[in-house]
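Take a look at the letters that make up each chain.
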Amino acid sequence: MAIYIELLVFAYIVDIASSGTIFRAQDADDDNEVSSYDFPFVTRSMWHARPPKEKNPLQTPVPYVVIHHSYSPPACYDAVTCRQAMRSMQNFHMDSRGWWDIGYNFAVGSDGAAYEGRGWTVLGAHALHFNNVSIGICLIGDWSYLVPPSNQLKSAKALINVGVELGFIKSDYKLIGHRQVRETECPGDALFNEIQTWDHWSSFPASYKDLDKIDLTGSQNKS
Ligand SMILES: [Zn+2]
């Protein structure tokens, strides 16, 4: 009998570990789940993500965090609109770009919630040549002229800190804007100015022209 109970307990622990439940926020289907995030966190099932076509593992902890804006869809300020924005980005990336899933590892809305994209452990498709060394976070909206609202900035920073705490991002990580590794205006002038004030922002690489000075071995940048 004692052995049987032990086996049951063991199976339960394995189940928790493999499902990643401890890292999940409250889900509509299960209000009793414990969250390790102290900001709203919206899982894939909550925004009704399509399953990925395929996925490659991301080697963690990563040394970089890459900040993006969506440009389009525009900023979203409530749960309904932000979940729609997640679905529209995923549809665009999968159907028009032909990728396996939404490109970003995470997105953050102007509702102050963080949205699970590919997550912490799956290789993203957000910054060519840099996907295998970074977590890509998209601040939903066009931040060329306006800075995102403070709750959106706060949650983006808190999400990065959780990534460090959970061991998916190196504690001495470098924070960069997408334009520092690719010819693009992303993440918009206003947001790019903003992130230069953040703790871990790095002025290097300054542009894609610096990429050959960085070790990006093992890169799998497609899809
Ligand atoms: Zn970008």
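So, here's what we can say about the structure. These numbers come from a predicted model, not from an experiment.

Conventions used here
Residues numbered from 1 in each chain as written. Predicted model: local features only at pLDDT ≥ 70, side-chain atom pairs only at ≥ 80, totals over all residues. Helix = DSSP H or I, 4+ residues; strand = E, 2+ residues; numbered from the N terminus. Expected span 1.5 Å × (residues − 1). Buried ≥ 20, exposed ≤ 12 C-beta atoms within 10 Å, placed from the backbone. Arc of directions from axis to C-beta. Contact = placed C-beta atoms within 7 Å. Pairing = 2+ DSSP bridges. Core = buried A, V, L, I, M, F, W, Y, C linked by C-beta atoms within 7 Å.

The end-to-end C-alpha distance of helix α3 (residues 150-165) is 22 Å, a good match for the 22 Å that 16 residues give at a rise of 1.5 Å each. The complete set of buried residues in α3 reads Gln152, Ser155, Ala156, Leu159, Ile160, Val162 and Gly163. Down the axis, α3 shows its buried residues gathered within 160 degrees of arc, on one side only. Within α3, the exposed residues directed more than 90 degrees away from the buried face are Ser150 and Glu165. Tucked inside the fold, the buried residues of α3 contact β2 (62-69), β3 (106-108), β4 (114-116), β5 (134-139) and β6 (169-177).

This part takes up helix α2 (residues 79-96). With 18 residues, α2 ought to run about 26 Å at 1.5 Å a step, and its terminal C-alpha atoms sit 25 Å apart, in line with that. For α2, every residue scored as buried is listed here: Cys82, Arg83, Ala85, Met86, Met89, Gln90 and His93. Buried residues of α2, viewed axially, fall in a sector of 155 degrees; they line one side. With respect to the buried face of α2, the exposed residues turned more than 90 degrees away are Val80, Asn91, Asp95 and Ser96.

Pairing between sheet strands relies on hydrogen bonds along the backbone, with the strands arranged either parallel or antiparallel. If you trace the six strands from one edge of the open sheet to the other, you get β1-β4-β3-β5-β2-β6, paired in mixed fashion. The sheet is open, and its two borders are formed by β1 (41-42) and β6, each paired with just one other strand. By the bridge criterion, five bridges tie β2 to β6 in an arrangement that is parallel. Looking at β6, one finds that Val65 is bridged to Leu175.

As a further point, take the nonpolar core. The biggest cluster of nonpolar side chains holds 49 residues, and the ones touching the most others in it are Val65, Val108, Tyr115, Ile137 and Ile140. In terms of residue count, β2 provides more of this core than any other element does, five residues in total. Setting aside its immediate chain neighbours within four residues, Tyr115 contacts Val42, Trp47, Cys82, Met86, Phe106, Ala107, Val108 and Gly109.

Moving on, we come to the pairing of β5. Within β5, six of the six residues are buried, which leaves the element mostly enclosed by the surrounding structure. Pairing geometry for β3 and β5, over three bridges, is parallel. Paired with Ala107 across the bridge in β5 is Cys138.

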